[in-house]
Amino acid sequence: MRRGRVSTSARALANSDDRVSVFVRVRPLVGVELAGGPDGGKAHKCVVLEPASASLALETPWDARVYSFAYDAVFDTTTPQDAVYAAVAAPVVEAVLEGRNGTVLAYGQTGTGKTHTLAKLEPLAEAGIIPRAVAHIFSYAAAHPDQDVRVVLSLLQLYRDAPQDLLARRAPDTAPPLSIRQLKGGAVYVQGLSKHPVDSVDAVLELLDIGYARRAIESTRLNDVSSRAHTILRLEVSRRDPFSGSRTHGVFTCVDLAGSERVKKSRSRGARLDEAKFINKSLTALGNVIASLADPGVSYIPYRDSKLTRLLQDSLGGNCVTALIVNIGPAVTSAHESVSSLQFGQRAMRVEARAHINYDETDADKSMAARLASAHAELNAAR
Ligand code: ADP
Ligand code: MG
C-alpha cells in the first residue's frame, strides 16, 4: 500500500490565528455502503486517520497512490459532536461575542455528514454546531447581563442560484427570489431577507424547525435526505463592551454547502440534473475564489462569478475568523470525491483571515474605540 506515496504539504501560513482553519471529519460507513455492493460485502475503507499529527492518508483504488494531508485537526468516526464543536466552532463564536465576524463552512460530497455536523438539532447530546453555537451565545448573555447581548437570526437557501428566505411569511417556492446588493463600503447583503430578534435557545430552535422544513431536499442514492441547496444561517450578535461602553457587532455565519456529487453516480435526471449543474457551477466558483485568495500573487478575486461567492464575499477570509470543515466518507467508492474535497481543504489553509472588532460608529465614544481598534490592527500587521 505504500507505493508512490504523495505527500501534499499544506504550505499553510504558520499561525492558524491569521488564516482560515481547516478540519477534516470522516463519517462512519452508512446505508448502501454497509449493505454492500454486488458481491454483498461491505464497502472497503481507503482512509486512515492519524489524529495525533492532525493528518490522514488516503489510498486511491485506481493507482494505489497514497496521499497524505495535514490539517488543523482530523476527526475520526468516534469523535463526538461536542468535541467537534469545541475544536472548530467555539473559537469562532468567542470571536463573534467579542464583535468580530466569524464563519463556519462545511464542504463535501453529498452524504458525508455536513448537515449532521452543522445542523442536527436533536437529541441534545448529538446536536451539531448550530444549536451548540446558539446555546454558547445565550449562556454568555445570561452570564453577562450588563452587556445587554442582542441576537438576530436570518436563514436563507441558495437554490438554483436564487437566494430564498427560509423564515419569511411566504414559503420559498411561492415568493419572488431575493436580490443581492452591495453597500458603498463594499459590504454585501440580501435585500428583503427577514430578520428575527431572538432571546432564547428555544426561540431559535423553533424558527430553525420551520426554516429547515422548507429546505429543498431530495432523496439521492447516497443519503436519504440530501440538500439540493446551499443553506446559510446568520446570527447578528451585538453587546455593550464593558471597557469602552460601545456596542460591538459580530456576525456568525454558518454555511451548509450543497454536495458536489458526480452527476453519474447519483443517477440524476431532469430537474435533479439541473440542480446538480447549479450546485457544481457554484462550488467551482467557490474553489476558484479560494484558489485566488490562497495565491499571494493574485489580486483579482472572482467573487462575482456566482451568487454563492458574492454572498460569502465577507465570510471567506479577510476580516473574518473562518473555520472550514471538510466532510468525507471513508469508502473506496468515494475516493475520487474525497481527494478532491481534501485538496480543496489544503488550498483553504493558505487563505489569510484576520478579523477586527466591529464597533458602533454612531457617537464620539464609538469612533474613539474604532480608532483604537484600527491602531491595534496596524500594530499587529506591522509585527
Ligand atoms: P450531507 O449533509 O453531507 O449530505 P448528512 O449530514 O445528511 O450528509 O449525513 C448523511 C448520513 O450519514 C446521515 O444519515 C447521517 O446521520 C449520517 N452521518 C453523517 N455523519 C455522521 C457521523 N459523524 N456519525 C454518525 N452518522 C453520521
Ligand atoms: Mg446535507
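Residues numbered from 1 in each chain as written. Chains lettered and ligands numbered in written order. Predicted model: local features only at pLDDT ≥ 70, side-chain atom pairs only at ≥ 80, totals over all residues.

The name an unreviewed UniProt entry gives the protein chain is Kinesin motor domain-containing protein, with Thecamonas trahens ATCC 50062 as the organism. A UniProt comment under Sequence similarities (unreviewed entry) is attached to the protein chain, and it reads "Belongs to the TRAFAC class myosin-kinesin ATPase superfamily. Kinesin family." (UniProt positions renumbered as here; feature names shortened; annotations may be inferred.)

J.: It is not clear to me how the overall build of the protein chain should be interpreted in this structure. Could you clarify?
T.: In terms of helices and strands, the protein chain carries nine helices and 17 strands. A burial count over the protein chain gives 43% of its 383 residues as buried. (Helix = DSSP H or I, 4+ residues; strand = E, 2+ residues; numbered from the N terminus. Buried ≥ 20, exposed ≤ 12 C-beta atoms within 10 Å, placed from the backbone.)

J.: When you look at unusual backbone geometry in this model, what are you seeing that I'm missing?
T.: Glycine aside, residues mostly have negative phi angles, and peptide bonds mostly take the trans form. That bond from glutamate 122 to proline 123 is cis: its omega, -5°, falls within 30 degrees of zero. By secondary structure assignment, the location of proline 123 is in the loop between helix H3 (114-119) and helix H4 (129-143). In this model, arginine 160 sits at a positive phi of 50°, which is unusual for a non-glycine residue. Examined against the element boundaries, arginine 160 turns out to sit in the loop between strand E8 (150-159) and strand E9 (162-165). Assessed through the 17 C-beta atoms surrounding it within 10 Å, arginine 160 is described here as partly exposed.

J.: Help me understand the site of ligand 1, please; the structure alone is not making it clear to me.
T.: Within the structure, ligand 1 sits among 16 residues, and Arg27, Gly113, Lys114, Thr115 and His116 are positioned closest to it. Contributing elements (two or more residues each) for the shell around ligand 1: H3 and strand E14 (226-227). The element that contributes the greatest number of residues to the shell around ligand 1 is H3, accounting for three residues. Of the residues in the shell around ligand 1, the class split is two nonpolar, 12 polar and two charged. (Near = placed C-beta within 6 Å. Nonpolar A, V, L, I, M, F, W, Y, C, P; charged D, E, K, R; others polar.)

J.: Would you take a moment to explain the UniProt feature "binding site: ATP" (unreviewed entry) in the protein chain for this structure?
T.: In the numbering used here, UniProt assigns the "binding site: ATP" (unreviewed entry) feature to Gly108, Gln109, Thr110, Gly111, Thr112, Gly113, Lys114 and Thr115. What makes threonine 110 buried here is the crowd of 26 C-beta atoms within 10 Å. Examined against the element boundaries, glycine 111 turns out to sit in the loop between strand E7 (102-107) and H3. Given 27 C-beta atoms within 10 Å, glycine 111 falls into the buried group.

J.: Hey, could you run me through the environment of phenylalanine 69 in this one?
T.: With respect to the helices and strands, the residue phenylalanine 69 is situated in strand E5 (residues 66-70). Assessed through the 24 C-beta atoms surrounding it within 10 Å, phenylalanine 69 is described here as buried. It is 24 Å that separates the C-alpha atoms of phenylalanine 69 and isoleucine 129, two residues lying 60 residues apart in sequence.

J.: Would you mind showing me how to read the confidence of the model for the protein chain here?
T.: Do not read the predicted coordinates in detail wherever pLDDT is low. Looking at the protein chain as a whole, the pLDDT averages 85, with 82% of positions reaching at least 70. Scored below 50 in pLDDT, residues 219-224 makes 16 contacts in the model with residues more than four places away or belonging to other chains. With a pTM of 0.88, the predicted complex shows an ipTM of 0.99. (pLDDT = per-residue confidence, 0-100. Contact = placed C-beta atoms within 7 Å.)

J.: Could you clarify how one ought to interpret the pairing of strand E4 (residues 55-59) in this entry?
T.: Walk down a regular strand and you will see the side chains alternate between the two sheet faces. Bridging between strand E3 (residues 47-50) and E4 involves four bridges; their strand directions are antiparallel. The partner of glutamate 50 across the bridge, within E4, is serine 55. Here E4 pairs with E5 via five bridges, running antiparallel. What sits directly across from glutamate 59, in E5, is valine 66. Linking two consecutive strands that pair antiparallel, namely E4 and E5, is a turn of six residues; a positive phi of about 55° is found at alanine 64 within it. (Pairing = 2+ DSSP bridges.)

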